[in-house]
Amino acid sequence: MKNIFSKKNLIIIICTYVALITVSAFLDLDLSVLAYRENSMFVTITSSIGFLPVPFFLIFGGTLMHFSDNRKNKTFTYIREAIAIVSIVFGAYYVIHENDSGIVVSIIEIIIVLALGLFLGYKCKSKNKELLTRTSLFILFSVYFTVVVVFFSKFIFCRPRFIWIVKSGLDNYRNFWQIDKNLKEVSIAAGVDSHMFRSLPSGHACASTAIILTCCFPLLFKNMKDKSLLLYLISIAFIIVICSGRIVGGYHFLSDVSIGSFVTFVGVTFAEKVLMRIYE
């Protein structure tokens, strides 16, 4: 885990994000025009699974929180249990809220993330209580930070989605630093769905990047102690696939997914540097 968040690795990752955002400042529209594929199965699949790391880690983190402390302070216990319950319930709700593939798929995904999150959390119940406490804080802070920042940012930037720009005219394109609330208000008044003005940042990019929280697994599971690099590479591949799907589907631009992913990276890095060391 320390290798993933080492100074050298952080510099490489930050430089990569800066490079992607810089390129997108000039080529956002051109890349989307080139990549856009309507009714793509790839887009359908990535849309259905891309957000799942968030509800999974809400449930897993909530379960760890439940088993995290054996102190007899009732007030602390009540707070801990409240956070655990809210996180688990919110994780299940998040699946329903984000899934647009139908109720059947939503139910299947809820069952999977609940079962997996609760099972893995339960497997950790006998671990060192301080380890469970700081790990649950690390996970839950990272996820809630991501959810809150994405929610408010989408309403602040009001950036139109490429999928709407294609139909309404390329002159409606706005770069990621251009905030045009007037375009949004006029369009909504004309009957356009407000969802078409929530392009920046990409929620799926933020959610998929939360998969790097698997970096804490080697601390919790003995059979994963030497799997840090493998988990990291799988995480990077998953993020790239999901972000590509959002661009191909016309839901986001390169800048949207780059900034969205960076938001989660910042939250996870901050949590690792601060919260994971509270008890050390």
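Residues numbered from 1 in each chain as written. Predicted model: local features only at pLDDT ≥ 70, side-chain atom pairs only at ≥ 80, totals over all residues. Heavy atoms only, no water.

**Looking at the overall build of the protein**
Working step 1: The secondary structure content of the protein amounts to twelve helices and zero strands.
Working step 2: What you see in the protein, going N to C, is helices and strands ordered as α-α-α-α-α-α-α-α-α-α-α-α.
Working step 3: Expected size for 280 residues packed as a compact globule is a radius of gyration near 19 Å; at 20 Å, the protein falls within 12% of this value.
Working step 4: Taken along its principal axes, the extent of the C-alpha atoms in the protein is 60 × 40 × 35 Å.
Working step 5: Just so you have it, the protein exposes about 14000 Å², and 70% of that area is on carbon and sulfur atoms.
Working step 6: Both charge centroids of the protein, one from 27 positive and one from 17 negative side chains, sit 12 Å from each other. (Helix = DSSP H or I, 4+ residues; strand = E, 2+ residues; numbered from the N terminus. Rg over C-alpha atoms; globule rule 2.2 N^0.38 Å. Areas by Shrake-Rupley, 256 points an atom, 1.4 Å probe, with all protein chains shown as cover. Lys, Arg positive; Asp, Glu negative; His and termini not counted. Charge placed at Lys NZ, Arg CZ, Asp CG, Glu CD.)

**Examining the packing of helix H4 (residues 74-98) against helix H6 (residues 129-157)**
Working step 1: At their nearest, the axes of H4 and H6 sit 13 Å apart, and the two run at 50° to each other. When the interaxial angle is binned, H4 and H6 end up oblique. When the axes of H4 and H6 are compared, the crossing they make is left-handed. Each of Ile83, Val86, Ser87, Phe90 and Tyr94 in H4 lies in contact with H6, whose residues at this interface are Leu140, Tyr144 and Val147.
Working step 2: Here the contact of H4 with H6 is built from residues that sort into seven nonpolar, one polar and no charged. (Axes fitted to C-alpha atoms, helices over the stretch in contact; angles between N-to-C directions. Parallel < 35°, antiparallel > 145°, perpendicular 65-115°, else oblique. Left-handed = near helix turned anticlockwise from the far one by under 90°. Contact = heavy atoms within 4.5 Å. Nonpolar A, V, L, I, M, F, W, Y, C, P; charged D, E, K, R; others polar.)

**A closer look at the packing of helix H3 (residues 53-66) against helix H5 (residues 103-123)**
Working step 1: Their axes nearest at 8 Å, the elements H3 and H5 cross at an angle of 30°. In this view, H3 runs roughly parallel relative to H5, as classed from their interaxial angle. Where H3 crosses over H5, the handedness of that crossing is right-handed. From H3, Phe56, Ile59, Phe60, Thr63 and Leu64 reach across to H5, where they touch Val113, Leu114, Leu116, Gly117, Leu118, Leu120, Gly121 and Tyr122.
Working step 2: Here the contact of H3 with H5 is built from residues that sort into ten nonpolar, three polar and no charged.

**Quick notes on the packing of aromatic side chains**
Working step 1: Considering all chains together, one arrives at 23 aromatic pairs under this definition.
Working step 2: Aromatic pair Phe51 and Tyr94: ring centres 6.4 Å apart, planes at 45°, arrangement tilted. Residue Phe51 is found in the loop between helix H2 (41-49) and H3, and its partner Tyr94 is found in helix H4; the two are separated by 43 residues along the sequence.
Working step 3: Classification of Phe51 as buried rests on a relative accessible area of 1%.
Working step 4: Residue classification places Tyr94 among the buried positions, given a relative accessible area of 11%.
Working step 5: Look at Phe141 and Phe270: their rings are 5.5 Å apart centre to centre, the planes differ by 40°, and that puts the pair in the tilted class. A residue pair is termed long-range when its members are at least 10 positions apart, and Phe141 in helix H6 and Phe270 in helix H12 (residues 254-274) qualify at 129 residues.
Working step 6: Each residue in the set Phe51, Phe90, Tyr93, Tyr94 and Tyr144 is aromatic and connected to the rest through ring pairs, giving one cluster. (Phe/Tyr/Trp six-rings, centres within 6.5 Å; stacked < 30°, edge-to-face > 60°. Buried < 20%, exposed > 50% of the residue type's maximum accessible area, 1.4 Å probe, protein only.)

**A few points about the confidence of the model for the protein**
Working step 1: Across the protein, pLDDT averages 90, with 96% of residues at or above 70.
Working step 2: Mean pLDDT across the elements of the protein bottoms out in helix H10 (residues 217-220) (88) and peaks in helix H9 (residues 203-209) (96). (pLDDT = per-residue confidence, 0-100.)

**Notes on H6**
Working step 1: For H6, built from 29 residues, the straight-helix expectation of 42 Å at 1.5 Å per residue is met to within 8% by its first-to-last C-alpha distance of 42 Å.
Working step 2: Directly after H6, the chain includes Cys158, whose backbone phi takes a positive value near 50°. (Expected span 1.5 Å × (residues − 1).)

**Some words on the side chain of His204**
Working step 1: Within the secondary structure, His204 is located in helix H9.
Working step 2: Note on His204: relative accessible area 7%, which makes it buried.
Working step 3: For His204, the side chain forms a polar contact with the main-chain oxygen of Ser47, separated by 2.9 Å.
Working step 4: For His204, the contacting residues outside a window of four places in its chain are Thr46, Ser47, Gly50, Phe51, Glu98, Ile242 and Arg246. (Polar contact = N/O pair within 3.5 Å; in protein donor to acceptor, adjacent residues only side chain to side chain.)

**Details of the pattern of salt bridges**
Working step 1: Scanning all chains against the criterion turns up six salt bridges.
Working step 2: Between Asp28 and Arg159 there is a salt bridge, with its nearest N and O atoms 2.9 Å apart. Pair noted here: Asp28 is in helix H1 (residues 7-35) and Arg159 is in the loop between H6 and helix H7 (162-168), with a separation of 131 residues, a long-range link. Taken individually, Asp28 and Arg159 each receive the classification buried, so the pair is uniform in this respect. (Salt bridge = Lys/Arg side-chain N within 4 Å of Asp/Glu carboxyl O.)

**Notes on a nonpolar patch on the surface**
Working step 1: Taken together, the side chains of Ile103, Val104, Ile107, Ile108, Ile111 and Ile112 make up a nonpolar region of the molecular surface, amounting to roughly 590 Å² of accessible area.
Working step 2: Summarising the element assignment, Ile112 is placed in helix H5. (Patch = residues over 30% accessible without salt bridge, like charges linked within 9 Å, V, L, I, M, F, W, Y side chains within 5 Å.)

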